[in-house]
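The primary structure of each chain is shown beneath.
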Amino acid sequence: MPAPLPDTLTMLHRLIAAPSISSATRSLDQSNLTVIEHLHEWLEQLGFQTEVMHIPGHAGKANLIATLGTGPGGLVLAGHTDTVPCDPELWRSDPFFLTERDNRLYGLGTCDMKGFFPLAIEAARQFVDQKLKQPLIILATADEESSMSGARALVEAGRPLARAAVVGEPTSLKPIRMHKGILMEGIRIQGRSGHSSDPSLGANAMEAMHAAIGQLLQLRQELQQQYRNEQFAVSVPTLNLGCIHGGDSANRICGSCELQYDLRPLPGMTLDGLRNAIGERLRPLSDRFGVQIETESLFPGIPPFETPAQSELVRLSEKLTGHRAEAVAFGTEAPFLDALGMDTIVLGPGSINQAHQPDEFLALDQIKPTVELLRSLIAHYCL
Ligand SMILES: [Zn+2]
């Protein structure tokens, strides 16, 4: 006989005790397979059909698609299995040991967002003996905090498909139907160094970069005139010049210069459209300054996300939570699930204020309302 399914807190305890940091910094990056194996085991025990999807080109990383019931339509409850890195010395308790204190559960990933899974499982438990008209899918992804390789692999595979998807990121149980996208880009300019006393001896990469920055800032101004959405705390698209390196001494013509910047587009703007617009503006500078200009994407980017206010899922979650759907400033996997054709919102327990911080916690009073909310959503979409 299989072991009985652990209770909610035991499940959360095991997920927190399985480190699954994902990071673009290689030395910090860890596998998420232990978390996937736990979820796999528990969901299989409940009678879900499970599939572990290994991520091509990312050893030790996998998604889990667990499905209860069959047929088209249905509901996806989605979460990511990875966490950001942490600074254990700044924590009051071990980040990898679930600790209850002051009616809160402390641990790395409690709110962002391993804590969502035991609550989704608890909600699903009630439906395992019922005949579902449309399937319930619990989706666990890899690498949300770094490359989003898990979500990208899902889009590539064209799965899962359902009518609706809820991404259980910490939103204090308020529905979110919009967020900005994120681009992080670099510009590398290669000129020619020479003695500073005679400019004709070289090609100054820093002067070319100065012109490139001028182009970026002008583009920013134009975009901010063209696009505005008052639902966002910062209502316009932003472009931040983040770091710059170039040259080596005052009396040498600067031979090379490198800039990194980020861009946060509003819904309605596309990542490719922005990259093309930037490329076109930089192109003439090569000839004008006699330099080579290369652009690169520091990561593939996250598209902006928007689900219409009138959508069935937005309306339903507004009714169930008593909150109007809003916009947030952080990026999620929602645009990838949206790209698969699902009506998608971000809605989950815990606060983003506690995410990515020492002493991350999930308040105990979030548990019951979350389970009840998820049960109502499952009943609406699957029964
Ligand atoms: Zn998250």
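Quick look at the structure, then.

The rules behind these values
- Residues numbered from 1 in each chain as written.
- Predicted model: local features only at pLDDT ≥ 70, side-chain atom pairs only at ≥ 80, totals over all residues.
- Heavy atoms only, no water.
- Pairing = 2+ DSSP bridges.
- Helix = DSSP H or I, 4+ residues; strand = E, 2+ residues; numbered from the N terminus.
- Axes fitted to C-alpha atoms, helices over the stretch in contact; angles between N-to-C directions.
- Donors = N, O, S within 2.8 Å, 3.2 Å for Na, K, Ca; no water.
- Tetrahedral: all angles 85-135°; square planar, octahedral: opposite > 155°, others 65-115°.
- Buried < 20%, exposed > 50% of the residue type's maximum accessible area, 1.4 Å probe, protein only.
- Core = buried A, V, L, I, M, F, W, Y, C linked by side-chain atoms within 4.5 Å.
- Contact = heavy atoms within 4.5 Å.
- Phe/Tyr/Trp six-rings, centres within 6.5 Å; stacked < 30°, edge-to-face > 60°.
- Lys NZ or Arg CZ within 6 Å of the ring centre and 35° of its normal.
- Salt bridge = Lys/Arg side-chain N within 4 Å of Asp/Glu carboxyl O.
- Arc of directions from axis to C-beta.
- Polar contact = N/O pair within 3.5 Å; in protein donor to acceptor, adjacent residues only side chain to side chain.

### With respect to the sheet that holds strand S12 (residues 292-297)
No. 1: What the four strands build is an open sheet, ordered S10-S11-S9-S12; its pairing is antiparallel. Taken across any chain shown, the strands that pair with only one partner, and hence form the sheet edges, are strand S10 (238-246) and S12. Taking the axes of each pair of neighbouring strands and ignoring which way they run, one obtains an average angle of 20 degrees across the sheet.
No. 2: The sheet contact formed by strand S9 (residues 183-190) and S12 spans six bridges and is antiparallel. When the sheet's bridge partners are listed, Gly186 is paired in S12 with Glu296.

### What about the coordination of the zinc ion?
No. 1: Bound to the zinc ion on the protein side are His80 (NE2), Asp112 (OD), Glu169 (OE) and Glu169 (OE), at distances that span 1.8 to 2.7 Å.
No. 2: Coordination at the zinc ion is irregular: its four donor atoms span angles of 53 to 143 degrees at the metal.
No. 3: Along the chain, the residues donating to the zinc ion are arranged with the sequence spacing H-x31-D-x56-E. In this pair, Asp112 is assigned in the loop between strand S5 (104-106) and helix H3 (116-125) and Glu169 in the loop between strand S7 (164-167) and strand S8 (176-179), connecting sequence segments 57 residues apart. There is no split in this pair, since Asp112 and Glu169 are both buried.

### Some points on the pairing of strand S2 (residues 62-68)
No. 1: Counting buried residues along S2, seven of its seven residues qualify, which places the element largely inside the surrounding structure.
No. 2: Burial along S2 is two-sided: the residues Ala62, Leu64, Ala66 and Leu68 and Asn63, Ile65 and Thr67 are all buried.
No. 3: Where S2 meets strand S6 (residues 136-141), five bridges bridge the pair, whose relative direction is antiparallel. Of the residues in S6, the one forming a bridge with Leu68 is Leu136.

### Some remarks on the nonpolar core
No. 1: Counting residues in hydrophobic clusters, the biggest one holds 50 residues, and the most contacted among them are Leu39, Phe48, Leu75, Leu77, Ile121 and Leu136.
No. 2: Sorting elements by how many residues they give to this core places helix H9 (residues 367-382) first, with eight residues.
No. 3: Leave out the neighbours within four places in its chain, and Leu39 touches Leu15, Leu64, Thr81, Phe117, Ile121 and Ala140.
No. 4: If you look at the next biggest cluster of nonpolar residues, it comprises 30 residues, including Leu219, Leu271, Leu274 and Val291.

### With respect to the packing of aromatic side chains
No. 1: Here the structure, examined in full by the defined rule, presents two aromatic pairs.
No. 2: Between Tyr106 and Phe361 the ring centres are 5.5 Å apart and the planes differ by 55 degrees, which places this aromatic pair in the tilted class. Of this pair, Tyr106 sits in strand S5 while Phe361 sits in strand S16 (residues 361-363); the two residues are 255 residues apart in sequence, bridging distant segments of the chain. Here Tyr106 matches Phe361 in class, with each residue buried.
No. 3: A cation over a ring is seen here: Arg101 above Tyr106, with NZ or CZ 4.0 Å from the ring centre.

### Considering the environment of Glu326
No. 1: With respect to the element layout, Glu326 can be found in strand S14 (residues 326-328).
No. 2: With a relative accessible area of 37%, Glu326 lands in the partly exposed category.
No. 3: Once residues lying within four places of it in the same chain are set aside, the contact partners of Glu326 are Lys174, Pro175, Ile176, Arg177 and Met178.

### Some points on the sheet that holds S5
In any sheet, the strands associate via hydrogen bonds between backbone groups, in a parallel or an antiparallel arrangement.
No. 1: What the three strands build is an open sheet, ordered S4-S5-S16; its pairing is antiparallel. The open sheet terminates on both sides in strands that have one partner only, identified here as strand S4 (99-101) and S16. Taken over all neighbouring pairs, the strand axes of this sheet differ in orientation by 25 degrees on average, direction set aside.

### With respect to the pattern of salt bridges
No. 1: All told, the structure shown has 16 salt bridges when counted by the stated rule.
No. 2: Salt bridges linked by common partners bring Asp29, Lys61 and Asp143 together as one network.

### Focus: the environment of Gly150
No. 1: Looking at the element boundaries, Gly150 is found in helix H4 (residues 149-157).
No. 2: Of the residues examined, Gly150 reaches a relative accessible area of 0% and is grouped as buried.
No. 3: Placed 192 residues apart in sequence, Gly150 and Met342 show a C-alpha to C-alpha distance of 17 Å.
No. 4: With residues up to four places along the chain from it excluded, the contact list for Gly150 reads Ile55, Asn63, Ala142 and Asp143.

### Quick look at helix H1 (residues 8-16)
No. 1: Taken residue by residue, H1 has Thr8, Met11, Leu12, Leu15 and Ile16 as its buried positions. Axial view of H1: buried residues confined to an arc of 130 degrees, hence all on one face.
No. 2: At the N-terminal end of H1, a side-chain oxygen is found 3.2 Å from the backbone nitrogen of Leu9, two or three residues along, and the residue is Asp7.

### Thoughts on unusual backbone geometry
No. 1: For the bond running from Asp112 to Met113, omega is -15 degrees, close enough to zero to count as cis.
No. 2: Tracing the backbone through its elements, the reader meets Met113 in the loop between S5 and H3.
No. 3: Cis rather than trans, the peptide bond between Arg159 and Pro160 has omega equal to -5 degrees.
No. 4: Tracing the sequence through the fold places Pro160 in the loop between H4 and S7.
No. 5: Even without being glycine, Asp143 reaches a positive phi, approximately 65 degrees.
No. 6: With respect to the helices and strands, the residue Asp143 is situated in the loop between S6 and H4.
No. 7: Non-glycine residue His356 carries a positive phi angle of around 60 degrees.

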